[in-house]
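Inside the fold
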Amino acid sequence: MHREAGEPHPAVIAAGGVFLPAEVCHPLWLALRAQLNRHRADGGAVRADVAAALDALRAAGLNHLVSTSGHDERTSADIPAPLERGLITTEELAGRLGVTGRHARRLAAAEGITSAGRGLWHPDDVEHLARRREAA
C-alpha cells in the first residue's frame, strides 16, 4: 500500500490484536484516561488486562512525544519540560497523601497506576489516589 507524504498511518486490525500508529496513541489514551477516571470515581474497578493495555497505550504515546527520530517532525525540543506539562513529583504526591515517597509508589501500584516518568505523576492519577486515601 502506498501512502502520500503527510498521510496518517492506518490502524491495522490483525488476528489477536490491533496496531495503532504512534501518533494516535497519546490522544487516544487521554480520552480513555478521562473515561477511566469517571469510572473509578463511580467506584468501578479496572480489569488487570485493561489496565495493562492502557499502560501500553500511554507508554507508546509518551514515547512518540519524546521521540527524537523525526516522526511527525517532533523532537524533544518540541515537548515542554515535565513540570511545565503539569506533572507532579513523587515528593509532592507523598506530601499530598501524607506518606513517604516509597509508600506513595506502592499505593499507586496497588491502584494500577504507573508513573508518567521517573518520579513524575499525572495530576489526575494523584487526584484519584488522594480520593482513595481520604475514603480509606
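Below or above, wherever it landed, is the structure these notes cover. Just so we're clear, the structure is a prediction, and the values are computed from it rather than from any experiment. (Residues numbered from 1 in each chain as written. Predicted model: local features only at pLDDT ≥ 70, side-chain atom pairs only at ≥ 80, totals over all residues. Heavy atoms only, no water.)

As for the nonpolar core
If you look at the biggest cluster of nonpolar residues, it comprises twelve residues: I88, L93, A94, L97, V99, A104, A108, I113, W121, V126, L129 and A130. Put simply, the parts of the chain that give this core at least two residues each are helix 3 (90-97), helix 4 (101-110) and helix 5 (123-135). Apart from the residues lying within four places of it in its own chain, the contact partners of I113 are R40, A108, W121, D125, H128 and L129. (Core = buried A, V, L, I, M, F, W, Y, C linked by side-chain atoms within 4.5 Å. Buried < 20%, exposed > 50% of the residue type's maximum accessible area, 1.4 Å probe, protein only. Helix = DSSP H or I, 4+ residues; strand = E, 2+ residues; numbered from the N terminus. Contact = heavy atoms within 4.5 Å.)

Remarks on empty space enclosed by the protein
Evaluated as defined, the whole model comprises one cavity of 30 Å³ or more. Here the largest cavity is characterised by a volume of approximately 140 Å³. If you go around the largest cavity, you meet 13 residues; those closest to its centre are W29, L36, R40, D55 and R58. For the lining of the largest cavity, the secondary structure elements donating two or more residues are helix 1 (22-41) and helix 2 (48-65). With five residues, the top contributor of residues to the lining of the largest cavity is helix 1. Tallied by class, the residues present in the lining of the largest cavity amount to six nonpolar, two polar and five charged. (1 Å grid on protein atoms, 1.4 Å probe; cavity = no way out; pocket = protein on both sides within 12 Å on 5 of 7 lines; lining within 4 Å. Points joined across faces, edges and corners; volume = space filled by probe spheres on them. Nonpolar A, V, L, I, M, F, W, Y, C, P; charged D, E, K, R; others polar.)

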